[in-house]
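These are the residues of each chain, in order.
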Amino acid sequence: MAALTISLGQHSEKGRKPSNQDFYGAYLPSESQRVSKGIAIALADGISSSDVSREASEAAVGSFLTDYYATPATWTVKTSAQRVLQATNAWLYAQTRQSQYRYNLDRGYVCTLSAMVIKSTTAHLFHVGDSRVYQLSGNALELLTEDHRFWASLDVSHLSRAMGASQHLELDYRAVSLSVGDVFLLATDGVYEWLTASQMAAMIHAHWENLDAAAQAMVAAAIGNGSDDNLTVQIVRIDSLPERHSNELYAALGALPQPPELRAGSEVDGYRIVRQLHASSRSHVYLAEELESGDKVALKTLSTELSQDPASIERFVREEWVARRINNQHVLKAPAQERPRHYLYTVLAYIEGQTLTQWMRDHPNADLATVRPIVEQIAKGLRAFHRLEMLHQDVRPDNVMIDTHGTVKLIDFGAAKVAGIVEAESEARTSEDILGTAQYTAPEYFLGEGGSPRADLYSLAVITYQMLTGTLPYGTEVAKTRTRAAQHKLAYQSALSENRELPAWVDEVLKKALHPNPHYRYPALSEFIFELRSPSTELLNRAKLPLLERDPVLFWKGVSLALAVVVIALLAR
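Residues numbered from 1 in each chain as written. Predicted model: local features only at pLDDT ≥ 70, side-chain atom pairs only at ≥ 80, totals over all residues. Heavy atoms only, no water.

## Details of the overall build of the protein chain
So the rule is basically this: The helix and strand labels rest on DSSP assignments: H or I over at least four residues marks a helix, E over at least two residues marks a strand, and numbering proceeds from the N terminus. The contact definition used throughout considers only heavy atoms, calling two residues in contact when any of these lie within 4.5 Å. Areas reported as accessible are Shrake-Rupley estimates using a 1.4 Å probe. Residue values count occlusion only from the protein chains shown. Positive charges are assigned to Lys and Arg, negative charges to Asp and Glu, while His and the chain termini are left out of the count. By convention, the point assigned to a charge is CZ for Arg, NZ for Lys, CD for Glu and CG for Asp.
Summing up its helical and strand segments, the protein chain has 18 helices and 22 strands in all. If you take every contact in the protein chain between residues at least 6 apart in sequence, the share linking residues at least 24 apart comes to 67%. Split by element, the accessible area of the protein chain, about 26600 Å² in all, is 50% carbon and sulfur. With 55 positive and 66 negative side-chain charges, the protein chain shows a spacing of 6 Å between the two charge centroids.

This is the structure:
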């Protein structure tokens, strides 16, 4: 299987300046980290008016190359890089404010930055200032970045944007699809202002097999042409790319064979099977005991019918991968595993308790005070997903466990969407697979749209509605609506009933959270949870409105039904 490999050439000199205020670097990680986070390259140019800009350049590049790889593997490249650079910018700005240059930013900790992260088959560019990134196209160089420079006159200009120049960092971002043989050039103004694009392109071609020599040739030529600034060049060539339809994160486990038939007393890789806990068309879950420690775990195997399906294997292995990356008491954990595995299975923490499905059977008339704490705990688990740029995508009563202490935990992450993985998956995928259970799946999935945290919110609202009413807000109609027009016709069934004591404002909260259009739902889980306890004045007033104003469609349906009954009665006479 092809992997991501590059060739890299770099060179920097102080030129005619007394010192070099530029700084550059690259990090080519191990293969596994290269798959999950990519290869990072960065270049910074300190401003000549500052005596501390070298420190600024070094801090900007150094922190980017170090801290980027410390961000969660679940985050996208864009999120990871932007958060790291924003934190670095804040530190640089604070250094200036605490120094003797706090009233003169031109002498503070300020620099330009151009950075690139190559992950899978995409180059992600981040840029602020007037260093540049080019892409070689034939014998020409295409400029991919914009100079952030303000010209006061024909001869006088200033940086309009830079690292450390302001508390707020306005960063340019661009994603470029890659092909084998693509070449990128990163350069400071001490180089590109003294060489034409065609000259730089010619030097790359002349030293195709030795990119360090190409970088050195550019710097020497710029100095020869009269450059009076520091000079730095980085050249990146894409030598090979991973297959666009592969996901190597799961390759090691996914390549293992199915375990032999498991039953009570069976042993596999240091575990003894105690009993089967659950079986479905997708998987089998067993209570197992680790032979060395005696600890109880849940050992999960993929069903035989799906064992040859790569997508099913990927989703199956993903659950344990996700469980290892979320540290939250309301999310199922995966215990540390050090021994080698010889078969395809996952090991997860064992939860002694019951599913929410069973709990609802035991509590068919649960009141709001009982339901709220359960909903709030589910929301805490979902927020842990969302903070790591993940979606659960299969929130339903069977995937919620309540342990013997009353702690609620989310389980089954096979349908989870991980942003950092999605950007490395197939570019040919045009719509999201519907992996959740239809009754709890947000309507936008049935339109082929991607999910968002509001989709998980919708699923949680369905569960809340079901716990309070024993029914579903739209019945089974949502799965039948495959167009936006059809979804506009979905009729929300009020949660209010003569048989249940439920405040009218709670119905308004549920109605908003269950809106077919995600843009009309609560923008955040926290707002939904807050209003389940502390309704806004708007909701309280809305709950007091007559039915004609609160829900005119339902009102006229009721009027029509009443008139129909009257007509039938008159005809009967």
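## Focus on the pairing of strand S4 (residues 111–119)
Put simply, the test is: Throughout this description, buried means an accessible area under 20% of the type-specific maximum (1.4 Å probe, protein chains only), exposed means over 50%, and partly exposed covers the range between. Any two strands with at least two DSSP-identified bridges between them are counted as paired.
Burial of S4 is extensive: 9 of the 9 residues sit out of reach of the surface. Every second residue of S4 is oriented toward a common face, with Cys111, Leu113, Ala115, Val117 and Lys119 on one face and Thr112, Ser114, Met116 and Ile118 on the other, all of them buried. Where strand S3 (residues 39–46) and S4 come together, 8 bridges link them in antiparallel fashion. Paired with Ala44 across the strands is Leu113, a residue of S4. By the bridge criterion, 7 bridges tie S4 to strand S5 (residues 122–128) in an arrangement that is antiparallel. The residue of S5 that forms the bridge with Leu113 is Val128.

## Structural notes on the environment of Gly381
Within the secondary structure, Gly381 sits in helix H10 (residues 368–387). In this structure Gly381 comes out as buried when scored by relative accessible area, which is 0%. Measuring from C-alpha to C-alpha, the distance between Gly381 and Ile411 comes to 9.8 Å, with 30 residues separating the pair along the chain.

## Details of the layout of surface pockets
Quick reminder of the rule: Each cavity reported here is a set of points on a 1 Å grid over the protein atoms alone in which a 1.4 Å probe fits but cannot get out, each pocket an open set with protein on both sides within 12 Å along at least five of seven lines, and each lining residue one with an atom within 4 Å of a point. Grid points are joined across faces, edges and corners, and a volume is the space filled by probe spheres set on the points. Here the term charged refers only to Asp, Glu, Lys and Arg, the term nonpolar to Ala, Val, Leu, Ile, Met, Phe, Trp, Tyr, Cys and Pro, and the term polar to all other amino acids, Gly among them.
The calculated volume of the largest pocket comes to roughly 850 Å³. If you trace the largest pocket, you find 32 residues lining it, with His278, Val285, Lys300, Ile411 and Asp412 closest to the centre. Those elements that place two or more of their residues in the lining of the largest pocket are strand S14 (271–279), strand S15 (283–290), strand S16 (296–302), helix H8 (310–325), strand S17 (346–349) and strand S18 (353–355). The element best represented in the lining of the largest pocket is H8, accounting for 4 residues. For the lining of the largest pocket, the class distribution of residues is 15 nonpolar, 9 polar and 8 charged.

## Concerning the sheet that holds strand S6 (residues 132–137)
Where we set the bar: Whenever a helix is involved, its axis is fitted only over the stretch in contact; in every case the axis is a line through C-alpha atoms, and angles between N-to-C directions fall within 0 to 180 degrees.
As summarised here, the arrangement of the 5 strands in space is S1-S12-S11-S6-S7, forming an open sheet in which the pairing is antiparallel. The open sheet has two edge strands, strand S1 (5–13) and strand S7 (140–143), and neither has a second partner. Strand after strand, the sheet turns through a mean of 25° between neighbouring axes, direction not considered. Two elements, S1 and strand S12 (residues 231–240), share 9 bridges in a ladder whose sense is antiparallel. The partner of Thr5 across the bridge, within S12, is Ser240. Running over the sheet, helix H5 (residues 197–206) touches S6, S7, strand S11 (183–187) and S12 and is turned about 120° from S7. Against the sheet, helix H6 (residues 211–224) contacts S1, S11 and S12, and its axis sits at roughly 30° relative to S1.

## Some thoughts on the nonpolar core
Counted only if it meets this: Nonpolar cores are built from buried Ala, Val, Leu, Ile, Met, Phe, Trp, Tyr and Cys residues. Side-chain atoms within 4.5 Å join them into one set.
If you look at the biggest cluster of nonpolar residues, it comprises 70 residues, and the most contacted ones within it are Leu356, Ile378 and Phe528. Top contributing element to this core by residue count: helix H12 (residues 453–469), with 10 residues. If you look at the next biggest cluster of nonpolar residues, it comprises 26 residues, including Ala40, Ala44, Tyr69 and Val128.

## Examining the confidence of the model for the protein chain
Test applied: pLDDT gives the predictor's per-residue confidence on a scale running from 0 to 100.
Counting all residues, the mean pLDDT for the protein chain is 89, and 92% of those residues have values of 70 or more. With pLDDT under 50 throughout, residues 426–432 is counted as low confidence; its partners more than four residues away or in other chains account for 16 contacts.

## A word on the packing of H10 against H12
Heads up, the condition is: Here the angle decides the label: under 35 degrees means roughly parallel, over 145 means roughly antiparallel, 65 to 115 means roughly perpendicular, and every other value means oblique. Handedness of each helix crossing follows the sense of rotation of the near helix against the far helix: counterclockwise by less than a right angle gives left-handed, clockwise gives right-handed.
Running from N to C, H10 and H12 cross one another at 165°; their axes reach a closest spacing of 10 Å. Classified by the angle their axes make, H10 and H12 are roughly antiparallel. Handedness of the H10/H12 crossing: right-handed. Contact with H10, carried on its side by Leu368, Val371, Ile374, Val375, Ile378, Ala379, Leu382 and His386, involves Pro453, Asp456, Leu460, Thr464, Met467 and Leu468 of H12 and no other residues of that element.

## Considerations on the sheet that holds S18
Strand order across the open sheet formed by 3 strands is S18-S20-S21, with antiparallel pairing between neighbours. Of all strands in the sheet, those with a lone pairing partner are S18 and strand S21 (408–410), marking the two edges. Within the sheet, the average angular offset between the axes of one strand and its neighbour, ignoring direction, is 30°. Here strand S20 (residues 400–403) pairs with S21 via 3 bridges, running antiparallel. Directly across from Ile402, in S21, lies its bridge partner Val408. Running at roughly 35° to S21, H10 makes contact with S20 and S21 of the sheet.

## A look at H10
Selection criterion: Each residue after the first adds 1.5 Å to the expected span of a helix.
Helix length check: H10, at 20 residues, gives a terminal C-alpha distance of 28 Å against a target of 28 Å (1.5 Å per residue), a fit within 8%. Most of H10 sits out of view: 14 of its 20 residues are buried. Immediately beyond the C-terminal end of H10, within one or two residues, lies Glu389, with a positive phi of roughly 60°.

## Re the side chain of Asp412
Checked against the element boundaries, Asp412 lands in the loop between S21 and strand S22 (417–418). Setting aside chain neighbours within four positions, we find Asp412 in contact with Arg282, Lys300, Glu319, His392, Arg396 and Asn399.

## Thoughts on unusual backbone geometry
Trans is the prevailing form of peptide bonds, just as negative phi is the prevailing case for residues other than glycine. A positive phi angle is found at Ser120, which is not glycine, with a value near 55°. A residue is classified by how much of its surface remains accessible, and Ser120, at 10% relative accessible area, is buried. Positioned with a positive phi, Gln393 is a non-glycine residue whose angle comes to about 70°. On the secondary structure map, Gln393 appears in the loop between strand S19 (390–391) and S20.

## Looking at the packing of H12 against helix H15 (residues 525–533)
For the pair H12 and H15, interaxial distance at closest approach is 10 Å and the crossing angle is 25°. Taken together, the axes of H12 and H15 lie roughly parallel to each other. Both H12 and H15 take part in a crossing whose hand is right-handed. Seen from H12, the contacting residues are Leu457, Leu460, Ala461 and Thr464; seen from H15, they are Leu525, Phe528 and Leu532.

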